[in-house]
Structures are given as structure tokens and as C-alpha cells.
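# Coordinate analysis (summary)
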Amino acid sequence: MSHRRPHSLMLLGVLCLQSCLWSAWPVLVTAQDKPIVPPARQKYMGRTIAQTMGYGGAPWLIRETREQEERPSEVMRQLGLKPGMVVCDMGCGNGFYSLLMARQVAPEGKVLAVDIQPEMLHLLELRCRDKGIQNVEPIQGTLIDPKLPEDTVDLLLMVDVYHEFSHPQQMLAGIRKSLKAKGRVALLEYRAEDRSVPIKPLHKMSKRQILKEYKANGFRLVEQYDGLPWQHLMFFERDPDWRPPAFSTPADQ
Ligand SMILES: C[S@@+](CC[C@H](N)C(=O)[O-])C[C@H]1O[C@@H](n2cnc3c(N)ncnc32)[C@H](O)[C@@H]1O
């Protein structure tokens, strides 16, 4: 008698159980109600995930040549911020963009500045204090939870951050929940398609890869700007027709 069928049925069962567990990871908690962080991914949808930049790299984020290399002043124009908005600088580091955004949404608006490294948030606070900026709220997120309030954010900016997420699905789910109905994500990533951009390949992303990952997680592209020297700038909104898949497949992982 052939063992092929029972064997493949068993294998299918194991795969289903594994993908159920994977989909359920964000909601699994310990007896102390602490969320269980699943193992960090090495890859997501065919892309190798980059290592997080440690806080030792903070001086590079506020280098003098950044304006000339990345044109943050043009990025700020493209974001179209207005006084009173609630914006988020996701993966803020020492707050290069948080401080720029804080001025544009003041006086009533605020910046929710999220990072997983407390050292980065401390540097951000020192920089805000130094410049007399009071509308930046530092938030220490986790690898699987941005710790943002739901239905609150008008615009969430991610500069050179997304490709470092060790848990992209969970982070995008939290980000999606934090947006207002017409809230937007503004994503900046170094262009993988352009070999002249002097950044290590793992820290770059192609438009094609970005679209694949964002569509799979309930976002739709609503605008893009191609005039920056090194980066893609893509705007996403929540896709109202999207439903989370009941099972994740090995291809998602
Ligand atoms: C290359 S730095 C960019 C900092 C800042 N966006 C900028 O452009 O100046 C990436 C930052 O993302 C943060 N980061 C990585 N994974 C994160 C996560 N899951 N949630 C929040 N921040 C994260 C890192 O701690 C680091 O400070």
C-alpha cells in the first residue's frame, strides 16, 4: 500500500496548523498578559530583512549633507502638513523628521514619535528640549506593536525604516489601525532599482516589492513622487475592500 496520501495529508495538516499559529501570533499572550513576540523573520515575501540601525548611528541621521543628498525640504513640501494635524514619525530615530513635522502641525497638532530603541527616544527628547519644541510625544513601540492609538493619525511617515521591520505584517496591522479613515502612510525607501544610490542593497527597496507587501497588508497606493535624489516617496491609504487572509501561506512568510 502506498504511504503517499496519508503522508501528504499529515504534512498538509502540519502546514495548516503552522500557518494558523503564525496568523494568531499577534494575539497570543502569556499568563502575565504579555504578548508573545514570534521569532524575527529573516525574509518577507522574497525580500531579506535588514538589521536595525543601532543608536550608535544617530549622528549620521542628522548629518549636514542630508539636505543635499535626500532633499528633506522637498519631502516636507510633498507631505502637505497643516496646523492641527496628528502625525506620526514611525521609526523616528533621534527625530530628524519629528522636529520638522512638529513645526508644521503646531500649535494644536502633534507628532507621535515611535521607536523601539529608548536611546533614540532619549536623543529625540534632548533635541526637542534644545529647540523648545513641545508637541512631540515619544512612544516606545515594540517589534510587533507600534503602540499607537486607533483611528487617530492623519499622516504616518516612515523614512528608511520599513525595510528593517522584523515583523512587517504585525507592524502594518498596527499602523493600519492607527490611521483615520482618510489617513495616509508616506513611505520613503532608498531606490533598489538605482545602482547609483550609494546605500547597501539590503537597505534599499524596489517599488515592485513595496507594492507587493503593502497590497498584501491592506493598503492601496494613492500617490507617488519621483523627484527625490535617492528615495521613492509613496503614499498609501487603507484599502476599504481588503480583508485579512484567514491563513497565511508559506509564500507570505
Ligand atoms: C535608519 S533609522 C531611520 C531614522 C529616521 N526615520 C530618520 O530617517 O532619521 C531606522 C529606525 O527605525 C527604528 N525601528 C526599527 N524597527 C522598528 C519598529 N518595529 N518599530 C519602531 N521603530 C523601529 C530603529 O530603531 C531606528 O531608529
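Residue numbers run consecutively from 1 along every chain, following the written order of its sequence. Owing to the predicted nature of the model, reporting of local features is limited to residues with pLDDT of at least 70; listing and counting of side-chain atom pairs is limited to 80 or more, with chain, interface and lining totals taken over all residues.

## What to know about the overall build of the chain
Only DSSP runs of H or I reaching four residues or more are called helices, and only runs of E reaching two or more are called strands; each is numbered from the N terminus. Along its length, the chain carries eight helices and 10 strands. Field definition: a residue is buried when 20 or more other C-beta atoms are found within 10 Å of its C-beta, exposed when 12 or fewer are, and partly exposed for counts in between, with C-beta atoms placed from the backbone. Classification of the 253 residues of the chain by burial places 32% in the buried group. Summarising the internal contacts of the chain: among those between residues at least 6 apart in sequence, 71% fall at separations of at least 24. We call two residues in contact when the distance between their C-beta atoms, placed using the backbone, is within 7 Å.

## Here we look at helix α8 (residues 207-216)
Buried residues of α8: Ile-210, Glu-213 and Tyr-214, and no others. The arc enclosing the buried residues of α8, seen along the axis, measures out at 95 degrees, which places them on a common side. Buried residues belonging to α8 abut β1 (43-44), α7 (168-178), β7 (179-191), β8 (204-205), β9 (219-225) and β10 (231-238). Within two residues after α8, Gly-218 carries a phi angle of roughly 90 degrees, on the positive side. Within this analysis, the arc is defined by the directions that extend from the helix axis to the C-beta atoms.

## Re the site of the ligand
We call a residue near a molecule or strand when its C-beta atom, built from the backbone, sits within 6 Å of it. Neighbouring the ligand are 21 residues; Leu-61, Gly-91, Gly-93, Phe-96 and Val-159 lie closest to it. A class-by-class count of the residues in the shell around the ligand yields 13 nonpolar, five polar and three charged. Note on residue categories: nonpolar means Ala, Val, Leu, Ile, Met, Phe, Trp, Tyr, Cys or Pro, charged means Asp, Glu, Lys or Arg, and polar means any other residue, Gly included.

## What to know about the environment of Pro-146
Position of Pro-146 among the secondary structure elements: in the loop between β5 (136-140) and β6 (153-159). A tally of 25 C-beta atoms within 10 Å means that Pro-146 is categorised as buried. Along the chain, Pro-146 and Ala-113 lie 33 residues apart, while their C-alpha atoms are 10.0 Å from each other. Residue contacts for Pro-146: discarding those within four places in its chain leaves Met-90, Val-114, Gly-141, Met-171, Gly-174, Ile-175 and Ser-178.

## A word on the environment of Leu-81
As for its position among the elements, Leu-81 is in the loop between α4 (72-79) and β3 (86-90). Along the backbone, Leu-81 and Met-101 are 20 residues apart, and their C-alpha atoms lie at a distance of 7.6 Å. Ignoring anything within four residues of it in the chain, the contact list for Leu-81 reads Val-87, Met-101, Gln-104, Val-105 and Leu-155.

## Looking at the nonpolar core
Membership of the largest hydrophobic core comes to 51 residues, with the highest contact counts inside it found for Val-87, Cys-88, Leu-155, Leu-156, Leu-157, Met-158 and Leu-187. In this structure Leu-155 touches Leu-79, Leu-81, Met-85, Val-87, Gly-183, Arg-184 and Ala-186, once residues within four positions along its chain are discounted. Any set of buried Ala, Val, Leu, Ile, Met, Phe, Trp, Tyr and Cys residues joined through C-beta atoms within 7 Å is what this text calls a nonpolar core.

## Here we look at the pairing of β7
In this scheme, strands are said to pair when DSSP sees at least two bridges between them. Here β6 runs beside β7; their pairing, made up of six bridges, is parallel. Across the sheet, residue Leu-155 finds its bridge partner in β7, namely Arg-184. Seen with its strands pointing away from the viewer, a crossover is right-handed when the path leading from the first strand over the helix to the second is clockwise. The parallel pair β6 and β7 is bridged by α7, and the resulting crossover is right-handed. With seven bridges joining them, β7 and β10 adopt antiparallel strand pairing. Following the sheet pairing, Leu-188 is matched in β10 by Leu-233.

## Digging into the pairing of β3
Taking burial as the measure, the five residues of β3 include five buried ones, the bulk of the element. The alternating pattern of β3 places Val-86, Cys-88 and Met-90 on one face and Val-87 and Asp-89 on the opposite face, and all of these are buried. Relative to strand β4 (residues 110-115), β3 runs parallel, the two sharing five bridges. Its bridge partner lying in β4, Asp-89 is registered against Ala-113. The parallel pair β3 and β4, bridged by helix α5 (residues 96-105), forms a crossover whose chirality is right-handed.

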